[in-house]
Amino acid sequence: MNRWTILLFVMKYFYCSAKVEVALQSHPVRYGKVLRLVCSSGQYHKDWHWFKDNALLYRNNRPSHDIDANKYTEEIIDDYHRQLTIHDFKFDDIGQYFCSNGIFQDLIDLSQESGKFIYCDNSTKTEVKQQKQVFGIGISTGVSNVSPTPICQLEVENNTFPVTIFKTTDKDQIIDIFFKTMVFNTSFFCKKPEKPFVFACNISGIVLRKEVNKICSDFQNRKDEKSFPEYLQTLIIIIGIMALIVCITVFTYVIRRPPTPLQNDKDESKADVGNPLVQYSEVSNIVQK
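Calculation criteria
- Residues numbered from 1 in each chain as written.
- Predicted model: local features only at pLDDT ≥ 70, side-chain atom pairs only at ≥ 80, totals over all residues.
- Heavy atoms only, no water.
- Helix = DSSP H or I, 4+ residues; strand = E, 2+ residues; numbered from the N terminus.
- Buried < 20%, exposed > 50% of the residue type's maximum accessible area, 1.4 Å probe, protein only.
- Contact = heavy atoms within 4.5 Å.
- Polar contact = N/O pair within 3.5 Å; in protein donor to acceptor, adjacent residues only side chain to side chain.
- Pairing = 2+ DSSP bridges.
- Salt bridge = Lys/Arg side-chain N within 4 Å of Asp/Glu carboxyl O.
- Axes fitted to C-alpha atoms, helices over the stretch in contact; angles between N-to-C directions.

A. Examining the overall build of the protein more closely. The helix and strand inventory of the protein stands at five helices and 18 strands. A buried classification covers 30% of the 289 residues belonging to the protein. Taking the intrachain contacts of the protein between residues at least 6 apart in sequence as the baseline, contacts between residues at least 24 apart amount to 57%.

B. View of the side chain of Ser 64. On the secondary structure map, Ser 64 appears in the loop between strand 5 (62-63) and strand 6 (72-78). Reaching out from Ser 64, the side chain makes a polar contact with the backbone oxygen of Leu 56 at a distance of 3.5 Å. Residue contacts for Ser 64: discarding those within four places in its chain leaves Leu 56 and Leu 57.

C. Quick look at the pairing of strand 2 (residues 35-41). Among the seven residues of strand 2, five are classified as buried, and the element is accordingly described as predominantly covered. Where strand 1 (residues 20-24) and strand 2 come together, five bridges link them in antiparallel fashion. In the strand pairing of strand 2, Val 20 is matched with Ser 41. Of the strand pairs in this sheet, strand 2 and strand 7 (residues 81-86) are connected by six bridges, and their pairing is antiparallel. Residue pairing in the sheet places Arg 36 in a bridge with Thr 85 of strand 7.

D. Examining unusual backbone geometry more closely. Here the bond from His 27 into Pro 28 is cis, since omega is -10°, no more than 30 degrees from zero. The residue Pro 28 is located in the loop between strand 1 and strand 2 in this model. Following Ser 147, the chain continues into Pro 148 via a peptide bond in cis, with omega recorded as -5°. Among the secondary structure elements, Pro 148 is positioned in the loop between strand 11 (136-146) and strand 12 (151-156). Its identity as a non-glycine residue notwithstanding, Asn 54 has a phi of 70°, on the positive side. As for its placement among the helices and strands, Asn 54 is situated in the loop between strand 3 (48-52) and strand 4 (55-59). Overall, the relative accessible area of 66% leaves Asn 54 in the exposed class.

E. Quick look at the environment of Arg 209. Mapped onto the secondary structure, Arg 209 falls in strand 18 (residues 206-212). As for Arg 209 and Thr 126, which are separated by 83 residues in sequence, their C-alpha atoms are 9.1 Å apart. Not counting the four nearest positions on each side in its chain, Arg 209 is found in contact with Glu 155, Val 198, Phe 199 and Ala 200. A distance of 3.2 Å separates the side chain of Arg 209 from the side chain of Glu 155, its partner in a polar contact.

F. Highlighting the sheet that holds strand 9 (residues 104-109). Strand order in this open sheet of five strands is 5-4-3-8-9, and the pairing throughout is antiparallel. On the outer flanks of this sheet lie strand 5 and strand 9, each paired with one strand and no other. With two bridges joining them, strand 4 and strand 5 adopt antiparallel strand pairing. If you follow Tyr 58 over to strand 5, its bridge partner there is Pro 63.

G. Broad picture of the side chain of Ser 140. For Ser 140, the location among the structural elements is in strand 11. For Ser 140, a relative accessible area of 17% translates into the label buried. Dropping the residues within four chain positions of it, Ser 140 is found in contact with Glu 127, Val 128, Lys 129, Gln 131 and Thr 181.

H. Local environment of the pattern of salt bridges. On inspection of all chains with the given rule, the structure shows eight salt bridges. Taking the shortest distance from any N to any O, the salt bridge between Asp 88 and Lys 90 comes out at 3.3 Å. Overall, the relative accessible area of 36% leaves Asp 88 in the partly exposed class. For Lys 214, the salt bridge goes to Glu 157, with nearest N and O atoms at 2.5 Å. Linking Lys 214 in the loop between strand 18 and helix 3 (216-256) with Glu 157 in the loop between strand 12 and strand 13 (159-162), this pair joins segments that are 57 residues apart in sequence. Considered together, Lys 214 and Glu 157 belong to a single accessibility category, that of buried residues.

I. Region of the structure containing the environment of Tyr 97. One can find Tyr 97 in strand 8 (residues 96-101). Beyond its immediate chain neighbours, meaning those up to four positions away, Tyr 97 contacts Leu 37, Phe 51, Lys 52, Leu 57, Tyr 72, Leu 84, Ile 86, Asp 106, Leu 107, Ile 108 and Leu 110. Separated by 2.7 Å, the side chain of Tyr 97 and the backbone oxygen of Asp 93 make a polar contact.

J. Looking closely at the sheet that holds strand 12. Overall, antiparallel pairing links the four strands, which are arranged 13-12-17-18 in an open sheet. Both outer strands of the open sheet, strand 13 and strand 18, are each paired with one neighbouring strand and no more. Strand-to-strand twist of the sheet, defined as the mean angle between neighbouring strand axes without regard to direction, takes the value 20°. Examined bridge by bridge, strand 12 and strand 13 share four bridges and lie antiparallel to one another. Within the sheet, the bridge partner assigned to Glu 155 lies in strand 13 and is Thr 160.

Any functional reading would require information beyond the geometric quantities listed.
What follows is the structure, encoded as structure tokens:
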């Protein structure tokens, strides 16, 4: 082993052991809460720096003159680890954060992780509406000011029904979400009118539950008032479809039916009227008689 190989091995070992790494310490990340980043170094060096998008935040545990000390704080864990804390984490705090120790540095890009960050606070709202429809009761639900997209369901009479999600807007990472209306049979939905149904959403481990009282009495009154026109309309549609099917069947049968023998004989008789051979044969038979 020559000296160049030994030198290369020493430099590689020094580089691998002295490198710097930045990692996200807070899991999960939630807007409005605290976010922590930890910088680890494999070497001991007195010079430490924190940057956000090339703007200096801390140098050797001293804050820069341009930053808000209530927003960013640095903590010395030991000689090889430093922690940067971001208080009241907001959308504006998303960016690239650099940590350097000596000549080595590393960065973390929070924009690549922002799809997993949770937004759920007092502005997050859930809406539930009950509407009488032709074939039952429609339940329309909605969620606004929430991120990421939640997983929601309706709980009715001890049964769980997943709710289909339709994402409508995506503004400043805050998502407004509305859901497809689900229709339930009136007798099933109002089996126990006194028991409320539940609209529940899971936002990356944070569960929102909203109990809603049924208004089955109003639905029943509306059903009694409008049942005849609704059912009459349905009956007319069914009768119309059946009549159309019968007409198509009869028409198809008439078109495809072969001609009857009687019809063939009549056609042949009409064809023989102008035939001279047939007329001569008939005259010969009369003379012989």
